[in-house]
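Secondary and tertiary structure notes
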Amino acid sequence: KNEVEQSPQNLTAQEGEFITINCSYSVGISALHWLQQHPGGGIVSLFMLSSGKKKHGRLIATINIQEKHSSLHITASHPRDSAVYICAFALSGGYQKVTFGIGTKLQVIP
Amino acid sequence: EPEVTQTPSHQVTQMGQEVILRCVPISNHLYFYWYRQILGQKVEFLVSFYNNEISEKSEIFDDQFSVERPDGSNFTLKIRSTKLEDSAMYFCASSVSLAGRTGELFFGEGSRLTVL
């Protein structure tokens, strides 16, 4: 079954802490997405990557294709980072369906 | 900044009624998608649309559902004869290129459907 697993499912951090969220999958993929879902429900794409590492501001995403693993890092976390972070993938082979994980709920406390 | 817009933001309907959810994707995007999220559950793919036809659909997207792009800007999801279990947040998304390859997904704010 094509699934994606995230850990941890819930995370509470103090403001300023370095945060890591992990994502594992078991199938061949063509792309992995990291998304942020706000408390109000809206979804924002953070990264799409198929290899290596990407950085945007305080966010860093890495992927290891051989190990079928990706991580999202947040440096100098801030209360406004509080959200659900979702890992999702598209299967290799040109499929358009994107399979989503359940997400990691992050709360950053001042 | 260009954005995907969805209407209505919330719709309440009686079981058995037809519902149309509307989306205006980003203008230069070529691929359009509908996803749904039942409360407390993960986001699920429903359908993708390219070149005025369905390019991929999930097992959820049965004959009860249909999509169309009637006027070159709007992208609609029609749910016929709604059921209680259709209650969910429905997200429209678009991408310049294939989401499975190089296409970053841009999501609308969602349309919450409540079926009574």
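Keep in mind it's a predicted model, so treat the numbers as computed, not measured.

Basis of the calculations
- Residues numbered from 1 in each chain as written.
- Chains lettered and ligands numbered in written order.
- Predicted model: local features only at pLDDT ≥ 70, side-chain atom pairs only at ≥ 80, totals over all residues.
- Heavy atoms only, no water.
- Helix = DSSP H or I, 4+ residues; strand = E, 2+ residues; numbered from the N terminus.
- Rg over C-alpha atoms; globule rule 2.2 N^0.38 Å.
- Contact = heavy atoms within 4.5 Å.
- Areas by Shrake-Rupley, 256 points an atom, 1.4 Å probe, with all protein chains shown as cover.
- Buried < 20%, exposed > 50% of the residue type's maximum accessible area, 1.4 Å probe, protein only.

**Here's the deal with the overall build of chain B**
Helix and strand counts for chain B stand at 0 helices and 11 strands. Computed over C-alpha atoms, the radius of gyration of chain B comes to 13 Å, within 12% of the 13 Å expected from 2.2 N^0.38 for 116 residues, which places it in the range of a compact globule. Within chain B, contacts between residues separated by at least 24 positions form 53% of all contacts whose residues are at least 6 apart in sequence. Entry remark: accessible area of chain B is about 5800 Å², with carbon and sulfur atoms responsible for 47%.

**Observations regarding the overall build of chain A**
Tallying secondary structure elements over chain A gives 0 helices and 11 strands in all. Each helix and strand of chain A, ordered N terminal to C terminal, gives the series β-β-β-β-β-β-β-β-β-β-β. On C-alpha atoms alone, chain A measures out to a radius of gyration of 13 Å, which is about the 13 Å that the 2.2 N^0.38 rule sets for 110 residues. Projected onto its principal axes, the C-alpha coordinates of chain A cover approximately 45 × 25 × 20 Å. Going through the 110 residues of chain A one by one, you find that 47% of them count as buried. The contacts of chain A with a sequence gap of at least 6 include a subset with a gap of at least 24, amounting to 55%.

**Some points on unusual backbone geometry**
What is expected of a backbone is that most residues other than glycine have negative phi and most peptide bonds are trans. In the segment running from S7 of chain A into P8 of chain A, the intervening peptide bond is cis, with an omega of -10°. In this fold, P8 of chain A is placed in the loop between β1 (4–7) and β2 (10–14). Residue P8 of chain B is bonded to the preceding T7 of chain B through a cis peptide linkage, with omega at -10°. Inspection of the secondary structure assignment puts P8 of chain B in the loop between β1 (5–7) and β2 (10–13). A positive phi angle, close to 50°, is found at A76 of chain A, a residue other than glycine.

Any functional reading would require information beyond the geometric quantities listed.
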